[in-house]
Amino acid sequence: MSLQAITARIAAAEAAAGRKAGSVQLIAVSKVQPDARVREVLAAGHRLFGENYVQEAAAKWPGFRAEFGPVAVHMIGPLQTNKAKLAVELFDAIHTVDRASLAEKLAKLAQGRGASPEVFVQVNTGLEPQKAGVLPDDVDAFVASCRAMDLPLAGLMCIPPEGEESTPHFKMLAGMAARNGLVGLSMGMSGDFEAAIAEGATHVRVGSAIFGARNYG
Ligand SMILES: *Cc1c(COP(=O)(O)O)cnc(C)c1O
């Protein structure tokens, strides 16, 4: 697969769903990928990436931004509160806001800086004990509390359980976003981004289908 092939599949999925061309943003998930592969995608003109680890992103993106100019980088991995300060300086959006302590920390940093990355609330749609995310029953209250803190709330994010059909989770997330007046839907990965687009995804997070398999060695 390549960036071009994925971009073409996204365009086809938009059309099949009767959605406007360009209504879905492709987040190229570059975590753990060798710099050479990331550089190829940058050289092809792509300017939106996703990272899971603050430390890794801090080592990688200042250099790439100096070399290629402005690049949007979104945080899509779990964020420890003690890394929030570095995160708001690095990232244009944080997709994994899932608890009051983190929301409060981000709000405080936003007040101090007069700016904040966009925020997505991560929802644990599969009720998985080991997975991060606000539980579905708690989403409305959590969204309201983020709004009360003046966080720039872009939408909701989910990672469906492995080995389950993704579509019911995407539908659930879309329903929760709609009833909360939220437009952004961060959902869909290499294996299911077309299904996510059919259910209204605005941001798909695609890693291995663009860059190849990750080698965690
Ligand atoms: C790694 C990761 C992705 C990308 O996964 P692929 O299957 O390689 O496309 C997307 N979203 C999150 C939250 C991830 O951690």
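A brief look at the structure comes next. (Residues numbered from 1 in each chain as written. Predicted model: local features only at pLDDT ≥ 70, side-chain atom pairs only at ≥ 80, totals over all residues. Heavy atoms only, no water.)

## Overview of the pattern of salt bridges
As enumerated under the stated definition, the model contains 10 salt bridges in all. The closest approach of N and O atoms between R39 and E67, which form a salt bridge, is 3.0 Å. Here the residue R39 occupies a position in helix α2 (residues 35-43), and E67 occupies one in helix α3 (residues 54-68), the gap between them amounting to 28 residues. Judged by its relative accessible area of 34%, R39 falls in the partly exposed class. Looking at E67, the relative accessible area reads 46%, which means it is partly exposed. The salt bridge involving D140 is made with R179; its shortest N-O contact spans 3.0 Å. Here D140, found in helix α6 (residues 139-148), pairs with R179, found in helix α7 (residues 167-179); they are 39 residues apart in sequence, far enough to count as distant. Overall, D140 belongs to the partly exposed group, its relative accessible area being 32%. Sharing partners across several salt bridges, the network here consists of E51, E56 and K60. (Salt bridge = Lys/Arg side-chain N within 4 Å of Asp/Glu carboxyl O. Helix = DSSP H or I, 4+ residues; strand = E, 2+ residues; numbered from the N terminus. Buried < 20%, exposed > 50% of the residue type's maximum accessible area, 1.4 Å probe, protein only.)

## Examining the layout of surface pockets
Of the volumes computed, that of the largest pocket is approximately 610 Å³. Around the largest pocket sit 29 residues that line it, and K31, I159, E162, M189 and R205 are the ones nearest its centre. Its residues placed into classes, the lining of the largest pocket shows 10 nonpolar, 11 polar and eight charged. (1 Å grid on protein atoms, 1.4 Å probe; cavity = no way out; pocket = protein on both sides within 12 Å on 5 of 7 lines; lining within 4 Å. Points joined across faces, edges and corners; volume = space filled by probe spheres on them. Nonpolar A, V, L, I, M, F, W, Y, C, P; charged D, E, K, R; others polar.)

## Observations regarding the pairing of strand β1 (residues 25-29)
Judged by how many residues are buried, β1 sits mostly within the fold: four of five residues are covered. Two strands pair when backbone bridges link them, and β1 and strand β8 (residues 203-206) are joined in this way by four bridges, in the parallel orientation. Considered in β8, the bridge of L26 is made with V204. With two bridges joining them, β1 and strand β2 (residues 48-51) adopt parallel strand pairing. (Pairing = 2+ DSSP bridges.)

## Some words on the site of the ligand
Near the ligand, the surroundings consist of 13 residues, among which K31, N52, S190, S208 and R214 are the closest. S190 places a side-chain nitrogen or oxygen 2.5 Å from an oxygen atom of the ligand. With respect to the detected pockets, the ligand is housed in the largest pocket. (Near = heavy atom within 4 Å. Polar contact = N/O pair within 3.5 Å; in protein donor to acceptor, adjacent residues only side chain to side chain. Sits in = over half its atoms within 2 Å of the grid points.)

## Some remarks on the side chain of E51
Its location among the elements puts E51 in strand β2. A polar contact of 2.8 Å, which involves the side chain of E51, links it to the side chain of K60. Within the structure, the side chain of E51 is placed 2.9 Å from the side chain of W61, a separation counted as a polar contact. Excluding its chain neighbours within four sequence positions, the residues that come into contact with E51 are S30, K31, E56, A57, K60, W61, V73, H74, M75, I76, G77 and F91. (Contact = heavy atoms within 4.5 Å.)

## Remarks on helix α5 (residues 100-113)
Taking 1.5 Å as the rise per residue, α5 with 14 residues should run 20 Å; its terminal C-alpha atoms sit 20 Å apart, in good agreement. Buried residues belonging to α5 abut α4 (84-90), β4 (93-97), β5 (118-123) and α6. The first or second residue beyond α5 is G114, which carries a positive phi of 70°. (Expected span 1.5 Å × (residues − 1).)

## Describing α3
Between its first and last C-alpha atoms α3 spans 20 Å; for 15 residues at 1.5 Å apiece the expected length is 21 Å, and the two agree. The largest bend in α3 amounts to roughly 30° and is located at K60, with the proline P62 lying one to four residues further along. Of all the residues in α3, the buried ones are V54, A57, K60, W61 and F64. Taken together, the buried residues of α3 touch α2, β2, β3 (72-75) and α4. G69 lies just past α3 and shows a positive phi near 85°. (Bend = angle between axes of the 7 residues up to and from the residue.)

## A word on the nonpolar core
Residues F49, W61, L106, L156, V204 and I210 are the most contacted members of the largest nonpolar core, which totals 60 residues. In contact with V204, not counting residues within four places along its chain, are I10, V24, Q25, L26, I27, M187, G188, F193 and I197. (Core = buried A, V, L, I, M, F, W, Y, C linked by side-chain atoms within 4.5 Å.)

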